[in-house]
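Report on the structure
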Amino acid sequence: MAWLCSRVAFRTCRRTFLSDAVKYKAKNGIPEPLDLATGIEKRELLAAAAGNFDPYHMKALEISRDSTRESPNLVPSAFKSRIVGCICEPDTSHVNWMWLHDGQPRRCECGHWFKLTEVAPL
């Protein structure tokens, strides 16, 4: 049984090395991620290349403190409705969640007004 363990331990590596990848790299260079991407990933990379690092409008917006029904805080959306969270007090960890629907301004519990604005989808 000891001879079997030594045979396995000292066996040479049988892994093959494919030189096609090395030839492709030397000939054409490494392909860029944009060349390999497809679908929504490619659209995200193209938006980032154009300078839009938040294509889905997910970053927190700075709300104006004097929002009214006539001049609400505008929330971008590519859909007819969107869920929005409002942090009413600067020192609180509680978020008031509410649904915004297209064309209807909505008031938060703290008194801020919000309204959806239409943006083009990615």
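Residues numbered from 1 in each chain as written. Predicted model: local features only at pLDDT ≥ 70, side-chain atom pairs only at ≥ 80, totals over all residues. Heavy atoms only, no water.

What about the pairing of strand β1 (residues 73-77)?
Within β1, four of the five residues are buried, leaving the element largely enclosed by the surrounding structure. For β1 and strand β5 (residues 113-118), the ladder comprises five bridges, and the chain directions are parallel. If you follow N73 over to β5, its bridge partner there is F114. (Buried < 20%, exposed > 50% of the residue type's maximum accessible area, 1.4 Å probe, protein only. Helix = DSSP H or I, 4+ residues; strand = E, 2+ residues; numbered from the N terminus. Pairing = 2+ DSSP bridges.)

A few points about the pairing of strand β2 (residues 81-86)
Along β2, the buried face is formed by R82, V84 and C86; none of S81, I83 and G85, which line the opposite face, is buried. Sheet analysis places β2 next to strand β3 (residues 96-101), joined by six bridges and oriented antiparallel. If you follow C86 over to β3, its bridge partner there is N96.

Observations concerning the nonpolar core
I63, V75, V84, C86, C88, M98, L100, C108, F114 and L116 together form the largest nonpolar core, which totals 10 residues. The set of elements that each furnish at least two residues to this core consists of β2, β3 and β5. Not counting chain neighbours up to four residues away, the residues in contact with L100 comprise V75, K80, S81, R82, V84, R106, F114, K115 and L116. (Core = buried A, V, L, I, M, F, W, Y, C linked by side-chain atoms within 4.5 Å. Contact = heavy atoms within 4.5 Å.)

Structural notes on the UniProt feature "binding site: Zn(2+)" (unreviewed entry) in the protein chain
The positions that UniProt labels "binding site: Zn(2+)" (unreviewed entry) are, in the present scheme, C86, C88, C108 and C110. Maximum C-alpha separation among the annotated residues is 8.7 Å over a sequence range of 25 residues, consistent with a single clustered spot. Structurally, C86 is set in strand β2. Every residue in contact with C86, bar those within four places of it in the chain, is listed here: H94, V95, N96, M98, C108, C110, H112 and F114. As for its position among the elements, C88 is in the loop between β2 and β3. In this view, C88 contacts R65, N96, C108 and C110; residues no more than four positions away in its chain are not counted. (UniProt positions renumbered as here; feature names shortened; annotations may be inferred.)

Observations concerning unusual backbone geometry
Of note, the phi angle at H57 is positive, near 55°, even though the residue is not glycine. By the element assignment, H57 lies in the loop between α4 (39-49) and β1. Its relative accessible area of 27% is what places H57 among the partly exposed residues.

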